[in-house]
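# What the coordinates show
The residues making up each chain are set out below.
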Amino acid sequence: MGQCRWIPEPEGRYECREPAHQSSTSGRCIFHMPADEKRVLRLEQVFVQKVVEKFEAVERDANITSHDYRGFVFPDGFDSFNKNRFGKPADFSRATFGDEFDLVQAEFLFPVKFHRARFGDRADFHASQFRQYANFDHAAFGNQIRFEHTSFVEDADFAGAQ
């Protein structure tokens, strides 16, 4: 089975520590497995459950200093972060979000990165709060992006976003 083979391009400096999923043809863990592979293997709900468990573990464990979702591939309709409070920095750099992604009424108390993240057809950040720096530089948004009633207390970087 071995270790997950996801490598961010072009820099390639990140190494995923998760094991590759035993059914993965791409050699990736459940977090980095392409969406179509997750769908074929019927692992979307398992993914959601593992992401929720990961979120809760990070919030609970004082030894874990941040939320690391770099390169994760979120399925269509993902909404499990709605109304969550991120009490540590969060990194969604190079993550891919399927169609109908919701991050509604979430609160980020520390910096958050969506550097080079890719959003599907619709992304909804309605009424979320970003208390510190929010980085959306070079993010790719789909047809509909909603930041209605969203607050950015400090700077938000959308340089190069599309």
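Above this text is the structure in question.
Quick caveat, the model's predicted, so the values are computed rather than measured. (Residues numbered from 1 in each chain as written. Predicted model: local features only at pLDDT ≥ 70, side-chain atom pairs only at ≥ 80, totals over all residues. Heavy atoms only, no water.)

### Remarks on the sheet that holds strand β2 (residues 73-74)
Counted only if it meets this: Strands are labelled as partners when DSSP assigns at least two bridges between them. Secondary structure counts use DSSP, requiring at least four H or I residues in a row for a helix and at least two E residues in a row for a strand, with both numbered from the N terminus.
Strand order across the open sheet formed by 3 strands is β2-β5-β9, with parallel pairing between neighbours. Two strands lie at the open edges of the sheet, namely β2 and β9 (118-119), each paired on one side alone.

### Points about the pattern of salt bridges
Put simply, the rule is: When a carboxyl oxygen of Asp or Glu lies within 4 Å of a side-chain nitrogen of Lys or Arg, that pair is called a salt bridge. Exposure categories follow from relative accessible area, calculated using a 1.4 Å probe and restricted to protein chains: below 20% of the type maximum is buried, above 50% is exposed, and the middle band is partly exposed.
All chains considered together, the criterion is met by 10 salt bridges. The closest approach of N and O atoms between Arg70 and Asp68, which form a salt bridge, is 2.8 Å. Owing to a relative accessible area of 28%, Arg70 belongs among the partly exposed residues under this scheme. Residue Glu107 pairs with Arg131 through a salt bridge whose shortest N-O separation is 3.0 Å. Placement of the pair is Glu107 in strand β7 (residues 107-108) and Arg131 in the loop between β11 (129-130) and β12 (134-135), with a sequence separation of 24 residues. Three or more residues are tied together by salt bridges with common partners; here these are Glu100, Asp102, Arg122, Asp124, Arg146 and Glu148.

### Description of the environment of Ala57
Turning to its location among the elements, Ala57 is positioned in helix α2 (residues 44-60). The exposure class assigned to Ala57 is partly exposed, which follows from its relative accessible area of 25%. Between the alpha carbons of Ala57 and His67 there is a distance of 9.6 Å; along the sequence they are 10 residues apart.

### Points about the side chain of Asp102
Rules: Polar contact is defined as a pair of N or O atoms within 3.5 Å, subject to the rule that within protein one atom must be able to donate a hydrogen and the other to accept it, and that residues adjacent in sequence are counted only when both atoms are side-chain atoms. Note on contacts: a residue pair qualifies if any of its non-hydrogen atoms lie within 4.5 Å across the two residues.
Mapping Asp102 onto the fold places it in strand β6 (residues 101-102). Within the structure, Asp102 has its side chain in polar contact with the side chain of Arg122 (distance 2.9 Å). Apart from the residues lying within four places of it in its own chain, the contact partners of Asp102 are Phe78, Asp79, Asn82, Arg122 and Asp124.

### Quick word on the packing of aromatic side chains
Stated precisely, the cut-off is as follows: Only Phe, Tyr and Trp rings are paired, with Trp represented by its six-membered ring, and only when their centres lie within 6.5 Å; those with planes under 30 degrees apart are stacked, over 60 edge-to-face, the remainder tilted. Charge-over-ring placement is defined geometrically: NZ (Lys) or CZ (Arg) within 6 Å of the ring centre, and within 35 degrees of the ring normal.
Across all of its chains, the model carries 45 aromatic pairs by this definition. Taking 4.5 Å as the distance between ring centres and 10° as the angle between the ring planes, the aromatic pair formed by Phe31 and Phe72 counts as stacked. With Phe31 in the segment before α1 (35-40) and Phe72 in the loop between β1 (67-68) and β2, this pair connects stretches of sequence that are 41 residues apart. Phe72 shares its class with Phe31; the two are buried. One residue, Lys38, lies across the ring of Phe47, its end atom 4.3 Å from the ring centre. Here the basic side chain of Lys54 rests over the ring of Phe31, its NZ or CZ set 5.9 Å away from the ring centre.

### Considerations on the sheet that holds strand β4 (residues 90-91)
Taken in spatial order, the 5 strands line up as β1-β4-β8-β12-β15 in an open sheet, and their pairing is parallel. Edge positions in the sheet fall to β1 and β15 (156-157), since each has one partner strand and no second. Pairing geometry for β12 and β15, over 2 bridges, is parallel. Looking across to β15, one finds that Ala134 is bridged to Ala156.

### Structural notes on the layout of surface pockets
Short version of the rule: Lining residues are those with an atom within 4 Å of a point, where the points come from a 1 Å grid over the protein atoms alone and group into cavities, where a 1.4 Å probe fits but cannot get out, or pockets, open sets with protein on both sides within 12 Å along at least five of seven lines. Grid points are joined across faces, edges and corners, and a volume is the space filled by probe spheres set on the points.
In this structure, the largest pocket occupies an estimated 330 Å³ of space. Along the wall of the largest pocket there are 17 residues; nearest its centre are Tyr14, Arg17, Glu18, Lys54 and Asp68. Sorting the residues of the lining of the largest pocket by element identifies α2 and β1 as the ones contributing at least two each. Looking at which element gives the most residues to the lining of the largest pocket, the answer is α2, with 3 residues.

### Topic: the nonpolar core
Soluble globular proteins tend to pack their nonpolar side chains together in the buried interior. Let me state the cut-off plainly: We define the nonpolar core as a collection of buried residues of types Ala, Val, Leu, Ile, Met, Phe, Trp, Tyr and Cys that are connected through side-chain atoms lying within 4.5 Å of one another.
Ranked by size, the top nonpolar core spans 38 residues in total, and within it Phe74, Phe81, Phe92, Phe114 and Phe119 carry the most contacts. For Phe92, the residues in contact, after removing those within four places along its chain, are Tyr69, Phe74, Phe81, Phe86, Phe97, Phe108, Val112, Lys113, Phe114, His115 and Ala117.

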